[in-house]
Amino acid sequence: SRHAALSKRIGDRLRAGRRFVLVSHIRPDGDAVGSLLGLGLALETAGKEVQMVLADGVPETFLHLEGADRVRQQPQRSAGDEVVIVLDASDLQRIGPALEGFDQPDICIDHHVTNTGFARLNLVEADMPATAAVLARYLPAWGLDITPSVASALLTGILTDTIGFRTTGVRSDLLRMAADLMDRGARLHHLYHRALVARRFEAVRYWGAGLSRLQADGDLVWTTLTLADRRQADYQEDDDADLVNVLSAIEGFRVAMIFVEQPAGRYKISWRTADPQLNVSQVARRFGGGGHAAAAGAERAGDLQTDLPQIVAETKALLGIR
């Protein structure tokens, strides 16, 4: 098959390379961090020299993973012989400034159906619910060891992108893969708690601001989070603290949205749906973003309060919901 031939070419490249630069996307989630650390630590175990890079650094939620303290925000200048690998990013804009001064990436490993095929070798498995799952599938074939640290990183990526095995893309083979990672030393209960359950006091206060402004219209429920909310709660990150997953659990709605004000006149939008007949990534693309059928996002310039009614209306129209 095409993937088998591609996998072999990637395996050859990994074996032949000595120095590697690994990069994932801005505002990294658990799959970005888990994929980066999973492949990075496996390559190091194989005796390779590895730089792991996230333009925005590792979020506090994932600092317990081995290797997280060695992730840098920019790589050392290119020497020209590095194998450059981009993980969990559908296009080069998604990685921010992390690869300025480098040539076209050698390899991209991803699971986004919207992937633009920007690397020399692109292994994109859109049927997989996480890039970490793609790596768990192929690392043994590439002759790379899944140590307990690698297993923990990969299981974290799978857990976060499936919201704890709750998305529609979770099949029995993914649970077998997770069990295999547990057999290799990943502690499921610990990783699950750290990635998905534990919440900081400030984050929950921040939620309170968003929940107090909850709005509903037909099949859609949404709220906003402002910069003032963030300051008041003393919440340090620039995201929604996963509040959108709380919104998507409210019964009686087909789509949940959250608008998060950013500095310099920008705002972020997230969409979630548990309805297998809906595809929110098409709405995100309309607003310059992307993602998956069940979860997508975009970032825009403009005034949040002015733009919001139109975005809500267009979301309903594009998805054909009431």
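Shown above is the structure to which this text applies.
Read on for an overview of the structure. Every value quoted in this text rests on a predicted model; they were computed, and no experiment measured them.

**Brief notes about the overall build of the protein**
Stage number 1. Scanning the protein from N- to C-terminus turns up eleven helices and eleven strands.
Stage number 2. Across its three principal directions, the C-alpha atoms of the protein cover 55 × 40 × 40 Å.
Stage number 3. Put simply, the protein has 322 residues, and 51% of those count as buried.
Stage number 4. Looking at the protein alone, contacts between residues at least 24 apart form 63% of all its contacts between residues at least 6 apart.
Stage number 5. Of the roughly 14,200 Å² of accessible surface on the protein, a fraction of 48% belongs to carbon and sulfur atoms.
Stage number 6. Between the centroid of the 36 positive side chains of the protein and the centroid of its 41 negative side chains there is a distance of 2 Å.

**As for the nonpolar core**
Stage number 1. L14, L22, L39, I85, I109, L139 and W142 are the most contacted members of the largest nonpolar core, which totals 53 residues.
Stage number 2. Membership of the second largest hydrophobic core comes to 21 residues, among which are M257, Y267, L278 and V280.

**With respect to the packing of aromatic side chains**
Stage number 1. For the structure shown, the criterion picks out three aromatic pairs.
Stage number 2. Aromatic side chains Y138 and W142 sit 5.6 Å apart centroid to centroid with 15° between the ring planes, which places their arrangement in the stacked category. Neither Y138 nor W142 differs from the other in exposure class; each is buried.
Stage number 3. Between the aromatic rings of W271 and F287, the centroid separation amounts to 6.1 Å while the plane-to-plane angle is 15°, which identifies the pairing as stacked. With W271 in strand β9 (residues 266-272) and F287 in the loop between α10 (281-286) and β10 (290-291), this residue pair connects regions lying 16 residues apart in the sequence.

**Things to note about the sheet that holds strand β3 (residues 83-87)**
Stage number 1. Ordered in space as β2-β1-β3-β4-β5, the five strands form an open sheet in which the pairing is parallel. At either end of the open sheet lies a strand with only one pairing partner, and these are β2 (49-53) and β5 (121-124). Averaged over all pairs of adjacent strands, the angle between strand axes in this sheet comes to 15°, irrespective of strand direction.
Stage number 2. As paired strands, strand β4 (residues 107-110) and β5 are joined by four bridges and run parallel to one another.

**Quick look at the pattern of salt bridges**
Stage number 1. Counted by the stated rule, this structure contains 24 salt bridges.
Stage number 2. Two residues, D106 and R120, come together in a salt bridge whose shortest N-O distance is 3.1 Å. Placement of D106 in the loop between β3 and β4 and of R120 in the loop between β4 and β5 is noted, with a sequence separation of 14 residues between them.
Stage number 3. Between D173 and R171 there is a salt bridge, and its shortest N-O distance comes to 3.4 Å.
Stage number 4. For D173, a relative accessible area of 35% translates into the label partly exposed.
Stage number 5. Put simply, R18, R19, E49, D81 and E82 are held in one network by salt bridges that share partners.

**Focus: helix α1 (residues 2-16)**
Stage number 1. The terminal C-alpha atoms of α1, which comprises 15 residues, lie 21 Å apart, in line with the 21 Å expected from a rise of 1.5 Å per residue.
Stage number 2. When we look at burial in α1, the residues that qualify are L6, S7, I10, G11 and L14. Buried residues in α1, looked at end-on, bunch into an arc of 140°, giving them a common side. In α1, those exposed residues whose orientation departs by more than 90 degrees from the buried face are R2, K8, R9 and A16.
Stage number 3. Buried-residue contacts for α1 involve β1 (19-23), α2 (30-45), β3, β4, β5 and α3 (131-138).

**Some details on unusual backbone geometry**
Stage number 1. For R27, which is not glycine, the phi torsion reads 45° and is therefore positive.
Stage number 2. As for its position among the elements, R27 is in the loop between β1 and α2.
Stage number 3. What makes R27 partly exposed here is its relative accessible area of 27%.
Stage number 4. Notably, D242 is not glycine yet its phi reads approximately 65°, a positive angle.
Stage number 5. Mapped onto the fold, D242 is located in the loop between α8 (227-233) and α9 (243-247).

**Description of the sheet that holds strand β11 (residues 295-301)**
Stage number 1. Spatially, β6-β7-β8-β9-β11-β10 is the arrangement adopted by the six strands of the open sheet, whose pairing is mixed. On the outer flanks of this sheet lie β6 (215-217) and β10, each paired with one strand and no other.
Stage number 2. Bridging between β6 and strand β7 (residues 220-225) involves three bridges; their strand directions are antiparallel. Considered in β7, the bridge of Q215 is made with W222.
Stage number 3. Set on the sheet, helix α11 (residues 304-319) makes contact with β6, β7, β8 (255-262), β9 and β11; between it and β8 the angle comes to about 155°.

Definitions and cut-offs
Residues numbered from 1 in each chain as written. Predicted model: local features only at pLDDT ≥ 70, side-chain atom pairs only at ≥ 80, totals over all residues. Heavy atoms only, no water. Helix = DSSP H or I, 4+ residues; strand = E, 2+ residues; numbered from the N terminus. Buried < 20%, exposed > 50% of the residue type's maximum accessible area, 1.4 Å probe, protein only. Contact = heavy atoms within 4.5 Å. Areas by Shrake-Rupley, 256 points an atom, 1.4 Å probe, with all protein chains shown as cover. Lys, Arg positive; Asp, Glu negative; His and termini not counted. Charge placed at Lys NZ, Arg CZ, Asp CG, Glu CD. Core = buried A, V, L, I, M, F, W, Y, C linked by side-chain atoms within 4.5 Å. Phe/Tyr/Trp six-rings, centres within 6.5 Å; stacked < 30°, edge-to-face > 60°. Pairing = 2+ DSSP bridges. Axes fitted to C-alpha atoms, helices over the stretch in contact; angles between N-to-C directions. Salt bridge = Lys/Arg side-chain N within 4 Å of Asp/Glu carboxyl O. Expected span 1.5 Å × (residues − 1). Arc of directions from axis to C-beta.

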